[in-house]
Structures are given as structure tokens and as C-alpha cells.
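Single-letter residue listing:
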Amino acid sequence: MNPVLMAPGGTLDMAIAAFDHGADSVYVGPKGWSRRPASDELDDGEIAELLAHAQGRGKDVRIAINVMPCSDEIPAFLRKIEECAANGAGGVMICDPGCIRLVRQHFPGLDIHVSVTAGVFNLADIEFYREMGANLVVLP
């Protein structure tokens, strides 16, 4: 497995600059679905533009959805994942264990990163998230 340089994207301009300066992959937060400041979240059009930019250059975009939705928000959460996956996102970063399991069930081929906000600190934590369906872990 080759190392991958993944960088935070922030705004559309920042994400493109990260690619232009050597990043292989960037992660970005969709409006209303990340824990990033609103100024650093991308709307649907910006995410689509970034995905098209990345795909044309052999780069990768990951979507950071670091919210813990309540039960009535789960359908909208899954629609957001579906939209990002259909547009070519390489994976998602999630911190909610129940949502990780749901994403794995509905999108078996999508990479799922356990976000740094989940606070994974030891091998038992990693195994727990692996059992939930995650295949990558971002350590603090």
C-alpha cells in the first residue's frame, strides 16, 4: 500500500490549493453536516465541482460528516452520503458508531474513516469501529 498525503480542504479554493501543492486527497465538510465553521463548509455545488476537479487529476475527495444525527435526521444523513458517493467521493469520515454501521450496510464499497473526533486511543477502540464497519481510523 502506498502512502497517501491527505489534507484538510476547508473552502473550495483551499481544497484545490491543497491538490495543487501535492495532496493526493482532501477532506471537506458539507454545509450543515460537519463540525467545521460554516465558512469552511462546502455547498453541494462546490462539492460537485471539487469532485470533478479531483477526478480529472487522479485525486481523491473524502467527505467529513462529523455530526451525530438524531433518529429523524438519519434519512437525510443517508441521502447526503448517497449523493456524495454517487458524485465520486472516495469515502466519508464519520464519528457516530451507529451511523458507521448504517453507512456500511447501505454503501458496502465506500471507505469509512473513523474521524479524529471519535477519540480513538487504543487497539480495543480500533477493533470496536472495525466491527461497526469502518476500514480506516484517523488517530488523534
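Residues numbered from 1 in each chain as written. Predicted model: local features only at pLDDT ≥ 70, side-chain atom pairs only at ≥ 80, totals over all residues. Heavy atoms only, no water.

J.: Break down helix α4 (residues 97-106) for me, with residues and values.
T.: Within the span of α4, buried status applies to C99, I100 and V103. The arc that holds the buried residues of α4, viewed along the axis, is 105°, so those residues lie on one side. You can read the cap of α4 off the contacts: a side-chain oxygen lies 2.9 Å from the backbone nitrogen of G98, and it is on D96. (Buried < 20%, exposed > 50% of the residue type's maximum accessible area, 1.4 Å probe, protein only. Helix = DSSP H or I, 4+ residues; strand = E, 2+ residues; numbered from the N terminus. Arc of directions from axis to C-beta. Polar contact = N/O pair within 3.5 Å; in protein donor to acceptor, adjacent residues only side chain to side chain.)

J.: Summarise the pattern of salt bridges; cite the residues concerned and give the values.
T.: Scanning the model with the defined rule gives 5 salt bridges in all. Here K80 makes a salt bridge to D44, at a shortest N to O gap of 2.5 Å. Of this pair, K80 sits in helix α3 (residues 74-86) while D44 sits in helix α2 (residues 44-55), and the two are 36 residues apart along the sequence. Using a relative accessible area of 9% as the deciding quantity, one classes K80 as buried. Residue classification places D44 among the partly exposed residues on the basis of a relative accessible area of 40%. A cluster of three or more residues bridged by salt bridges with shared partners is formed by D44, K80 and E83. (Salt bridge = Lys/Arg side-chain N within 4 Å of Asp/Glu carboxyl O.)

J.: Give me the lowdown on the packing of aromatic side chains, citing residues and values where you can.
T.: Geometrically, a pair of aromatic rings is defined through the distance of the ring centres and the angle of the planes. On inspection of all chains with the given rule, the structure shows 2 aromatic pairs. For the pair W33 and F77, a centre-to-centre distance of 6.2 Å together with 50° between the ring planes defines the contact as tilted. Taken together, the positions of W33 in the loop between β2 (25-30) and β3 (41-42) and F77 in helix α3 put the pair 44 residues apart, joining distant regions of the chain. In terms of burial, W33 and F77 fall into one category: buried. Between the aromatic rings of F128 and Y129, the centroid separation amounts to 5.0 Å while the plane-to-plane angle is 80°, which identifies the pairing as edge-to-face. (Phe/Tyr/Trp six-rings, centres within 6.5 Å; stacked < 30°, edge-to-face > 60°.)

J.: Describe the side chain of S115, with residues and values.
T.: With respect to the helices and strands, the residue S115 is situated in the loop between β6 (111-114) and α5 (123-132). Among the polar contacts made by the side chain of S115, one reaches the side chain of T117 at a distance of 3.1 Å. Discounting chain neighbours no more than four positions away, the residues touching S115 are N66, I94, C95 and V138. (Contact = heavy atoms within 4.5 Å.)

J.: I'd like a rundown of the packing of α3 against α4, residues and numbers included.
T.: Direction vectors running N to C along α3 and α4 enclose 50°, while the axes themselves pass 11 Å from each other. Classified by the angle their axes make, α3 and α4 are oblique. Between α3 and α4 lies a crossing whose hand is right-handed. Every residue of α4 that contacts α3 at I74, F77, L78 and I81 is listed here: C99, L102, V103 and H106. (Axes fitted to C-alpha atoms, helices over the stretch in contact; angles between N-to-C directions. Parallel < 35°, antiparallel > 145°, perpendicular 65-115°, else oblique. Left-handed = near helix turned anticlockwise from the far one by under 90°.)

J.: Give a detailed account of the pairing of strand β4 (residues 60-65), specifying residues and quantitative values.
T.: The buried fraction of β4 is high, at 6 of 6 residues. Of the two faces of β4, the one lined by D60, R62 and A64 and the one lined by V61, I63 and I65 are each fully buried. Note: β2 against β4, 4 bridges, orientation parallel. Bridged to Y27 within β4 is R62. The pairing of β4 with strand β5 (residues 91-94) spans 4 bridges and is parallel. If you follow A64 over to β5, its bridge partner there is M93. In this view, the connection linking β4 to its parallel neighbour β5 by way of α3 has right-handed handedness. (Pairing = 2+ DSSP bridges. Right-handed = clockwise from strand over helix to strand, strands pointing away.)

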